[in-house]
Amino acid sequence: MQRVAMMEDEDGNFHFKNLSVHQVSTEEEALNLLFLGDTNRAIGETDMNDSSSRSHCIFTIMVEGRRTGSDSVTRSKLNLVDLAGSERVHRTSSSGQTLTEAKYINTSLFYLEMVIVALHEKGKRGKEKTHVPYRNSMMTSVLRDSLGGNCELMFDTRYL
C-alpha cells in the first residue's frame, strides 16, 4: 500500500495523495467503504496481541443538505477515528518493522495529547494566545476542525 502524503495550499487547505474520496447515496455503500478501509489497515503480531492494529484509521463522512426551493446548503462532517493503541515496547518485545510502527503510533498519540492539552489550556485562558500544535502530525492536522473550533467532540475509550 502506498504511503499517504499531505500537502497544504496557500489558503491553509489540506490535500492528500494516495487517498480516495467516494460519493455515496446509501448507508450500505458507506458501510462497504468503511469495511474496505478496515481491510486495508496494517495488522501485526506482538507478544501481547496476535492481531494488533499498526495504524490509525480515520473515516470521514461529509453530509450535505439542501431544502427544496431554497439556495441554502447545510454541510456537516463526522470523523470516525480508530486509534491504534499505545505500546510499551519492553512488554511487546517489538523489533524491526514492529518497533518502527510502535514508535510512530506512540509519537502520533503523544502529538494528539499535546493538542488536547493545548486546547484545554486555551479554553481555561479564554481568547489568550495559546499555540495549538496541530501541524506536529498528519492525524492532528486532518482532525484540526474536529478537535477545536465549532465542533462537538466525543471520546470513547475502550480496550478491545
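An account of the accompanying structure is given in this report. (Residues numbered from 1 in each chain as written. Predicted model: local features only at pLDDT ≥ 70, side-chain atom pairs only at ≥ 80, totals over all residues. Heavy atoms only, no water.)

A contiguous nonpolar surface patch, about 260 Å² in accessible area, is contributed by Phe16, Leu19 and Met138. Examined against the element boundaries, Phe16 turns out to sit in strand 2 (residues 14-17). (Patch = residues over 30% accessible without salt bridge, like charges linked within 9 Å, V, L, I, M, F, W, Y side chains within 5 Å. Areas by Shrake-Rupley, 256 points an atom, 1.4 Å probe, with all protein chains shown as cover. Salt bridge = Lys/Arg side-chain N within 4 Å of Asp/Glu carboxyl O. Helix = DSSP H or I, 4+ residues; strand = E, 2+ residues; numbered from the N terminus.)

Side-chain direction in a regular strand flips from residue to residue, so the side chains alternate between the two faces of the sheet. Two elements, strand 1 (residues 5-8) and strand 2, share 4 bridges in a ladder whose sense is antiparallel. Each residue of the ladder has a partner; that of Met6, found in strand 2, is Phe16. (Pairing = 2+ DSSP bridges.)

Once that is clear, we can look at the side chain of Ser146. Its location among the elements puts Ser146 in helix 5 (residues 144-147). Taking relative accessible area as the criterion, Ser146 reaches 16% and is therefore assigned buried. Not counting chain neighbours up to four residues away, the residues in contact with Ser146 comprise Asn79, Cys151, Glu152 and Leu153. (Buried < 20%, exposed > 50% of the residue type's maximum accessible area, 1.4 Å probe, protein only. Contact = heavy atoms within 4.5 Å.)

Before going further, it helps to spend a moment on the environment of Ile61. By the element assignment, Ile61 lies in strand 5 (residues 57-66). Residues Ile61 and Ala30, 31 residues apart in the sequence, show an inter-C-alpha distance of 8.5 Å. Not counting residues up to four positions away in its chain, the partners in contact with Ile61 are Ser76, Lys77, Leu78 and Leu80.

Taken as a whole and judged by the stated rule, the model has 1 aromatic pair. Here the aromatic rings of Phe110 and Tyr111 are separated by 6.0 Å at their centres, their planes lie at 45 degrees, and the arrangement is tilted. Its relative accessible area of 46% is what places Phe110 among the partly exposed residues. (Phe/Tyr/Trp six-rings, centres within 6.5 Å; stacked < 30°, edge-to-face > 60°.)

So, about the environment of Val132. Structurally, Val132 is set in the loop between helix 3 (96-125) and helix 4 (138-142). The exposure class of Val132 is buried, given its relative accessible area of 11%. In the structure, Val132 is positioned 12 residues away from Arg144 in sequence and 9.6 Å away in space, judged by C-alpha atoms. Excluding residues that lie within four positions of it along the chain, Val132 makes contacts with Val115, Ala118, Leu119 and Lys122.

Turning next to the side chain of Ser137. Tracing the backbone shows Ser137 in the loop between helix 3 and helix 4. Within the local environment of Ser137, its side chain forms a polar contact with the side chain of Thr140, the two groups lying 3.0 Å apart. (Polar contact = N/O pair within 3.5 Å; in protein donor to acceptor, adjacent residues only side chain to side chain.)

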